[in-house]
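Residue-level structure breakdown
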Amino acid sequence: MQHRRKKYSTVFHEETEKDVLFARARKISAQLSQKAMADQGNGAREKGKKRTEHSTIAQGGDQKGLPRKRFYRARAHSNPLSDSHFPVPNNPCECDWKEHFPAFFKDATGEVENGSCATENMKAENRSSENGAIVPSSQAEKLEPKVRFADVGCGFGGLLVKLSVLFPDKLMVGMELRDKVSEYVKERIHALRVKHPGQYENISCLRTNAMKYLPNYFEKGQLEKMFFLFPDPHFKEKNHRRRIISQTLLAEYAYIMAIGGIIYTITDVEELGEWMKSNLDAHPLFEPVSEDELDQDRCVELLSSATEEGQKVARNSGETFRAIYRRIESGA
Amino acid sequence: MEDHGASLGAGVGDMMAPALISVHPDGSCVVVAIGAGLRIFDLLRNEQVVVSDETVPARHGEAIRAISFNDKGNFFSSAGDDKLVKLWNTESWSCIKTIRLPKKVTSVAFSKDSKWVLFADKFGAVYTLPTAVKEEKDEPAQLLAHCCSIITDLEVTSEGKYIVTSDRDFKIRVSVFPADPLKGAPEIWSYCLGHTSFVTCTAFVGSQTSGQQLLVSGSGDSTVRLWDYKTGKMLHVFDTNELEAVRDDKTVDCAARAVIGLSVSPDGSIVAVLLERFTGVLLLEYDDLGKRLKHLQSIILSEHVVPTSLAFDVASRLWIVAGAAESIELGDQLVTPEEAAAAEARAQMTAKMAVAHVRLIVRCSGAVGQDAEKAAHYELSEKESMLGGEALLSTLEGGRADSGEVAVAAEAAEQAMRKLMSKRQYTLQERENRKRFRNDKKFERNEV
Ligand SMILES: C[S@@+](CC[C@H](N)C(=O)[O-])C[C@H]1O[C@@H](n2cnc3c(N)ncnc32)[C@H](O)[C@@H]1O
């Protein structure tokens, strides 16, 4: 526990703009301010320099700027197997993506009729005959844009921020179990949108348990990319079933992924790396992506550099282990 | 710390297990499972069937929670809280296999080619075992699993291509039946998502030969829903709360009732529905063209009979059982064989004494004259003139059932099901308290 805690208590990484931006006053920071005050002492000791940069914000008043991670400090772990107490949509039709991506739904008809889920399902069913991934016509995508990338256990959202500019036309969502962390990511994205008008409109974050509810958010074959970056290792054997990659869960990921879609995993824990690789190898609906292809893939280098966890590992020059696989058609 | 099993474990000890009923596909015998006991009546010979079991352990030691025949009727399987799955040969009624699983079993089914028996456990996993008897020891192979949910029902579609599993987390999953079950069922074909509470049971409507069967499901949200299971599309929602018969049932306060059982007539046109704490049966008609469910008839049994399970037979007769037995929890600490034997004997005893009501609803052939339109019409059989007569009743009901007693037992069974299915609701205060005693929280507090 202890080492995990420490991990998250480092103040949000340097490069995230020293600039102070205009953003709405944040309810959350207010709620947390008491805690933040208490944290202040520790924070100052650890990174004296940065403290001065942020102190204006911490002193309350008109709080402006990017959210600071320390206000959103959360429990290091949530048990992904326990029952949750947050709202979950009943099925993908009930997801209100408009709220997450208002800029993308501006021209959309708005009315997403109830049967649309089934139509997508039908498409998915026919996809084998169409030979591979469902490539939504750009027309359809415009009328009713769909989330195509998911960052599972997105943590503080570093990957989304990087991917956003690389793939400005793709909607992507981070899924995070810890409430405060997901709130932080939402604030971060909001601040980025304010600072860079017209940008970062394609990323968002959801608080959810990805081990339980992915099919509630995504239809069959919807996702083109799924990311699992530095997932919780759950070292103890009896906790292996809490791991985010397993045969059981891969069946679900295969279901929501388009044929040809790519699943990216990376970890600094060798044993977990082996585990993820062997699980992917064992699953008949995934095959490894060749090294050549990986060289061409713009996402690959982000795996170890974009996220907070990745940067931390890099700072300590830790080794990383990745497994990148493609969703393939069923052989049967 | 907050593992799935643990959160369910508490309070399970005082549970009642509802009686179950199943009819041989050719209508030759009726089975009632109550507590740890099986009661079987042969309708052709008009006598009780005595089973023989030389496997180990030779009897169920805790409540049976699932029973099923295969389509051909040559196999039968029983399984339950004792984590045993028993496979029976129905010609000799001898047990040909007994295996023990790590978790309690909630549901059983057979593959359409009868080569595999499938069973689901309380940890959300589905396993399979070949039905053929082999020399070497059988190891069940895992087919699939729902992540951290209880599987409540398990079915194989009539064309044999899909496995349908429903769970406590409102989900119905449709998986492709694999070419080699020993390698698992890794391909999910669709999800049927729409129920707003736990799903309790599933069945299929429409004619089997048409290849156009649809799925029906019952849930704690008191609806029966109709699905195209291949696309996951929800076609119709039938809300049982809208029925007068349900609203008027005065036996209990009128909180929404969970749908607890479904059975479909052999031609696929009638869906019989059981509700929690409801003293009758609802009959819905499946409209093949409109893809809808329509209310056909509500049959009220009697004030005290709260059915717990139902099954249509090949002649479209609907068999109903009402009853429950105390389910005796052995617990995992049970060590010595003597203890196990004693507990098993006690469970068998309790099962023997448990009383059940068995009722039969029959289709009345053709109304005449202007009523010809309403040809489909069902009626409760008089007990005196019931198929199987006195012999059947004394076998399946277990002595003369006192109706009051059965009602109480059934009520308890319903409550037990509630407890099992609904997630534990904590008040805010309780949740805070629980948090306070969590180790990781303690750590944070100390630090602040
Ligand atoms: C070690 S962190 C890595 C975060 C981020 N990917 C990075 O590289 O910086 C793992 C994250 O996954 C989240 N997580 C764990 N289980 C989850 C689940 N079942 N659903 C969603 N998020 C989960 C945790 O809360 C945690 O923030």
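The name an unreviewed UniProt entry gives chain B is tRNA (guanine-N(7)-)-methyltransferase non-catalytic subunit, with Riccia fluitans as the organism. Its UniProt record, at the heading Sequence similarities (unreviewed entry), says of chain B: "Belongs to the WD repeat TRM82 family." Taken from UniProt, the Subcellular location (unreviewed entry) comment for chain B reads in full: "Nucleus".

Where an unreviewed UniProt entry is consulted, chain A appears under the name tRNA (guanine-N(7)-)-methyltransferase, with the organism given as Riccia fluitans. What UniProt records for chain A under Catalytic activity (unreviewed entry) is the sentence "guanosine(46) in tRNA + S-adenosyl-L-methionine = N(7)-methylguanosine(46) in tRNA + S-adenosyl-L-homocysteine". According to its UniProt record, chain A has this under Sequence similarities (unreviewed entry): "Belongs to the class I-like SAM-binding methyltransferase superfamily. TrmB family."

What to know about the UniProt feature "repeat: WD" (unreviewed entry) in chain B
Residue and element names in this part refer to chain B. Following the UniProt record, the feature "repeat: WD" (unreviewed entry) maps to residues 57-98 and 192-237 here. The annotated region residues 57-98 carries 0% helix and 55% strand content, and the separation between its end C-alpha atoms amounts to 7 Å. Within residues 192-237, the helical portion is 0% and the strand portion 57%, while the C-alpha atoms at the span's ends are 13 Å from each other.

A short note on helix α10 (residues 247-256) of chain A
The buried fraction of α10(A) amounts to nine of the 10 residues, a majority that puts the element mostly inside the structure. When α10(A) is considered as a whole, its buried residues turn out to be A:T248, A:L249, A:L250, A:A251, A:E252, A:Y253, A:A254, A:Y255 and A:I256.

Quick look at unusual backbone geometry
Residue and element names in this part refer to chain B. With an omega dihedral of -10 degrees, the bond running from V56 to P57 counts as a cis peptide bond. Positive phi values are uncommon outside glycine, yet S222 reaches one of about 60 degrees. Tracing the sequence through the fold places S222 in the loop between β20 (214-219) and β21 (223-228). The backbone phi angle of R277 is positive, close to 50 degrees, even though this residue is not glycine. Looking at the secondary structure, you find R277 in the loop between β24 (270-275) and β25 (280-287). Among the residues examined, R277 registers a relative accessible area of 11% and is labelled buried.

Digging into the pattern of salt bridges
On inspection of all chains with the given rule, the structure shows 26 salt bridges over all chains. For A:R178, the salt bridge goes to A:E176, with nearest N and O atoms at 3.6 Å. You can call A:R178 buried: its relative accessible area is 8%. Given the relative accessible area of 6%, A:E176 is considered buried. Among the ionic pairs, B:D221 bridges to B:R225, the shortest N-O distance being 3.0 Å. B:R225 matches B:D221 in its accessibility class, with the two residues each being buried. In this structure, a network of salt bridges that share partners links the residues A:E144, A:K146 and A:E219.

Concerning the packing of helix α9 (residues 210-217) of chain A against α10(A)
Pairs of packed helices are described in terms of their axes, by the angle between the two and the distance that separates them. All names here are of chain A. At a minimum axis distance of 10 Å, the contact between α9 and α10 shows a crossing angle of 20 degrees. Taken together, the axes of α9 and α10 lie roughly parallel to each other. Handedness of the crossing formed by α9 with α10: left-handed. Taken together, the residues of α10 that come into contact with α9 (itself represented by M211, L214 and P215) are L249, E252, Y253 and I256.

Focus: the packing of aromatic side chains
Any two aromatic rings considered together are summarised by their centre-to-centre distance and by the angle between their planes. Applying the stated rule across the entire model yields 19 aromatic pairs over all chains. Seen from their ring centres, B:F312 and B:Y378 are 6.5 Å apart, and the 70 degrees between their planes marks the pair as edge-to-face. Residue B:F312 is found in strand β27 (residues 309-312), and its partner B:Y378 is found in strand β30 (residues 378-380); the two are separated by 66 residues along the sequence. On the basis of relative accessibility, which here comes to 10%, the residue B:F312 falls in the buried class. Judged by its relative accessible area of 1%, B:Y378 falls in the buried class. Aromatic ring contacts, followed pair by pair, group A:W97, A:F101, A:Y217 and A:F218 into a single cluster. When the ring centre of B:W189 is taken as reference, the NZ or CZ atom of A:K220 above it lies at 3.4 Å. A cation over an aromatic ring shows up here: A:R243 above the ring of A:W275, its NZ or CZ 4.8 Å from the ring centre.

With respect to α9(A)
Residue and element names in this part refer to chain A. Among the eight residues of α9, eight are classified as buried, and the element is accordingly described as predominantly covered. Residues A210, M211, K212, Y213, L214, P215, N216 and Y217 constitute the buried set of α9. For α9, the side-chain oxygen to backbone nitrogen distance between the N-cap and M211 is 2.9 Å, and the N-cap itself is N209.

Observations regarding the confidence of the model for chain A
Mean pLDDT over chain A stands at 76; residues scoring 70 or higher make up 64%. Per-residue pLDDT stays below 50 along residues 110-116 of chain A; that stretch engages in four contacts with residues further than four places along the chain or on separate chains.

Brief notes about the site of the ligand
All names here are of chain A. In the vicinity of the ligand lie 21 residues, with G153, E176, N209, L229 and T307 positioned nearest. Contacts to the ligand include L229, whose backbone N or O atom sits 2.8 Å from a nitrogen atom. For the ligand, an oxygen atom lies 3.0 Å from a polar atom in the backbone of E309. Contact with the protein chains removes 96% of the 600 Å² of surface that the ligand exposes when unbound. Mapped by element, the contributors of at least two residues to the shell around the ligand are α1 (2-9), β2 (171-176), α9 and α14 (308-315). A breakdown of the residues in the shell around the ligand according to their chemical character gives 10 nonpolar, five polar and six charged.

With respect to the nonpolar core
Residues and elements named next belong to chain A. Judged by nonpolar contacts, the single largest core of 46 residues is most densely connected at W97, F218, M226, Y253, I263 and F286. The element that contributes the greatest number of residues to this core is α10, accounting for seven residues. Excluding its chain neighbours within four sequence positions, the residues that come into contact with W97 are F105, V147, V173, L206, Y217 and F218.

How each quantity is defined
Residues numbered from 1 in each chain as written. Chains lettered and ligands numbered in written order. Predicted model: local features only at pLDDT ≥ 70, side-chain atom pairs only at ≥ 80, totals over all residues. Heavy atoms only, no water. UniProt positions renumbered as here; feature names shortened; annotations may be inferred. Helix = DSSP H or I, 4+ residues; strand = E, 2+ residues; numbered from the N terminus. Buried < 20%, exposed > 50% of the residue type's maximum accessible area, 1.4 Å probe, protein only. Salt bridge = Lys/Arg side-chain N within 4 Å of Asp/Glu carboxyl O. Axes fitted to C-alpha atoms, helices over the stretch in contact; angles between N-to-C directions. Parallel < 35°, antiparallel > 145°, perpendicular 65-115°, else oblique. Left-handed = near helix turned anticlockwise from the far one by under 90°. Contact = heavy atoms within 4.5 Å. Phe/Tyr/Trp six-rings, centres within 6.5 Å; stacked < 30°, edge-to-face > 60°. Lys NZ or Arg CZ within 6 Å of the ring centre and 35° of its normal. Polar contact = N/O pair within 3.5 Å; in protein donor to acceptor, adjacent residues only side chain to side chain. pLDDT = per-residue confidence, 0-100. Near = heavy atom within 4 Å. Areas by Shrake-Rupley, 256 points an atom, 1.4 Å probe, with all protein chains shown as cover. Nonpolar A, V, L, I, M, F, W, Y, C, P; charged D, E, K, R; others polar. Core = buried A, V, L, I, M, F, W, Y, C linked by side-chain atoms within 4.5 Å.

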